[in-house]
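Okay, here's what each chain looks like letter by letter:
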Amino acid sequence: MSDDRAHAGDDPAAVLAGLPPYPFPNPSALEPPPEWERLRARCPVARIELASGDEALLLTRYDDVREMLSDPRFSRQLDADDASRVSDSDDGGVFSRPSSSTGGAAAADADEPEASMLGGPGHRRWRRLVGKAFTVKRVQALRPAMAELAEQLITDLVEAGGPANIGPALGFPLPVFVICDLLGVPRDDRGRFAHWSDTMLNMTRFTQDEIDRSGREFSEYMTELVATKRSAPGNDLLSDLAADLTATELVMTGQGLLIAGHETTANMIGKMVAMLLADREHRWERLLADPSLVPSAVEEALRFDANPGFGMPRYVSEETVVGGTTLPRGTTVVCSMASGNRDTAAFDGAGDMDLARRPNPHLAFGVGPHSCVGQQLARVELQTVLEVLLRRLPTLELVGDATDLRARQGLIVGGIDQVLVRW
């Protein structure tokens, strides 16, 4: 371990003057905030101020983050009265909204029982049902169609001429097309989800009126779609789940999977391409010389991502000790998986991007009972996009310097405003 770590119980006030605003700014879109290394070394359980003005504790070390995400005492009950709010909006953000309510028509359906899907038996039941669609075997069966779609999107990109912004040209359309097909969302409706998704993931970008309006529109759309699936099932996930979930649960599932199924992967495609082209000789050209490294390169891009967004908040349901610090019941804790992924105690050469790194037990998808249910889908999407790009556009390069890339601001998920490329 190369960093000089003090005792985990050091007083945060002795390390940081005042309460630092969180998330910390990135020097550029691909560089980690310097606070991560400083806190891992001297103050691994640090007091922070959220965009709402509320206080929380931040975990930055790999072992502490992994422990928190696996411990049932750290719950997702972030709608509790004493839980901290993430967003500066009136409702406190997506994590603070009641777990059993989706708003609009769905929440008003009094004939349907509303079982929480966020914890305990309700969550285990939901995960068992939904997880059947995201097994390795089922996701691998989608790979040929993904490759065909990536081919077409890259053909369109080339025909339009460069330079091109990789996000709208490839990063957004591929995962949203895939998740919409999986859920049975009509193809003509695919373009409607970007704004709805952004407003639901708001931290500082949107007003409460914008959030409320988008929430109503999204809920009304999904409520109508669910009613269609229940009355005339098709060959899709929502139809398959209709016999086992209530209408309200189906609406919540559809909204959650549409957002999680495209937003993070869409942003990650742009970030991955930017990372690889930022050091083109040692990264992009190495993959051109040895495409068998694509799977491990994707895992390393996920680990190395310095711009993941907010992290994962949890609510402490009973007093516990983490990193030598006692956390009282009612504390809101934020785990920085990305900081943990840069921890030299967990990864040799943590600050270097090693495309052949194995094993690579990164935390990008979380761990434990609430790890990302669609992580296999995300992996295959990232691998497929990278494989097709390497083959179709071997001369790909960034327009401008990587240090000029700017992180997307104001949302819970991280991204880059523009990744301009030429070939």
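Data block above holds the structure.
Every value quoted in this text rests on a predicted model; they were computed, and no experiment measured them.

Asker: In this structure, what is going on with unusual backbone geometry? I would like to understand it.
Answerer: Comment: phi is negative for the bulk of residues other than glycine, and the bulk of peptide bonds are trans. In this chain, Gly162 is followed by Pro163 through a cis amide linkage whose omega measures 0°. Here the bond from Arg358 into Pro359 is cis, since omega is -5°, no more than 30 degrees from zero. Structurally, Pro359 can be placed in the loop between helix 16 (337-341) and helix 17 (375-392).

Asker: Help me understand the sheet that holds strand 10 (residues 420-422), please; the structure alone is not making it clear to me.
Answerer: Adjacent strands of a sheet pair through backbone hydrogen bonds, lying either parallel or antiparallel. On the basis of which strands lie adjacent, the open sheet formed by three strands has the order 4-10-9 and antiparallel pairing. Among the strands making up the open sheet, the edge pair consists of strand 4 (164-165) and strand 9 (397-398).

Asker: In this structure, what is going on with the environment of Ala232? I would like to understand it.
Answerer: Take Ala232: it is sitting in the loop between helix 11 (208-231) and helix 12 (237-241). Take Ala232: its relative accessible area is 48%, and that puts it in the partly exposed class. For the pair Ala232 and Ala378, spaced 146 residues apart in sequence, the C-alpha separation works out to 29 Å.

Asker: Help me out: how do you make sense of the sheet that holds strand 8 (residues 332-335) in this one?
Answerer: Strand order in the open sheet formed by five strands is 1-2-8-5-3, with mixed pairing between adjacent strands. This sheet does not close on itself; its edge strands, each paired only once, are strand 1 (45-49) and strand 3 (74-75).

Asker: Where do I start with helix 2 (residues 34-42) in this structure?
Answerer: Residues spaced three or four apart along an α-helix face the same direction, because each turn holds 3.6 residues. Among all positions in helix 2, only Trp36, Leu39, Arg40 and Ala41 are buried. Residues of helix 2 that are buried make contact with strand 1, strand 2 (55-59) and helix 16.

Asker: Explanation requested: the pattern of salt bridges in the structure shown.
Answerer: Oppositely charged side chains are able to pair whenever their charged atoms sit close together. In the structure shown here, the tally under the stated rule is 19 salt bridges. For the salt bridge of Glu151 with Arg391, the shortest nitrogen-to-oxygen distance reads 2.3 Å. Of this pair, Glu151 sits in helix 7 (residues 143-160) while Arg391 sits in helix 17, placing them 240 residues apart in sequence. You can call Arg391 exposed: its relative accessible area is 53%. Here Glu285 makes a salt bridge to Arg280, at a shortest N to O gap of 3.0 Å.

What counts and what doesn't
- Residues numbered from 1 in each chain as written.
- Predicted model: local features only at pLDDT ≥ 70, side-chain atom pairs only at ≥ 80, totals over all residues.
- Heavy atoms only, no water.
- Helix = DSSP H or I, 4+ residues; strand = E, 2+ residues; numbered from the N terminus.
- Pairing = 2+ DSSP bridges.
- Buried < 20%, exposed > 50% of the residue type's maximum accessible area, 1.4 Å probe, protein only.
- Contact = heavy atoms within 4.5 Å.
- Salt bridge = Lys/Arg side-chain N within 4 Å of Asp/Glu carboxyl O.

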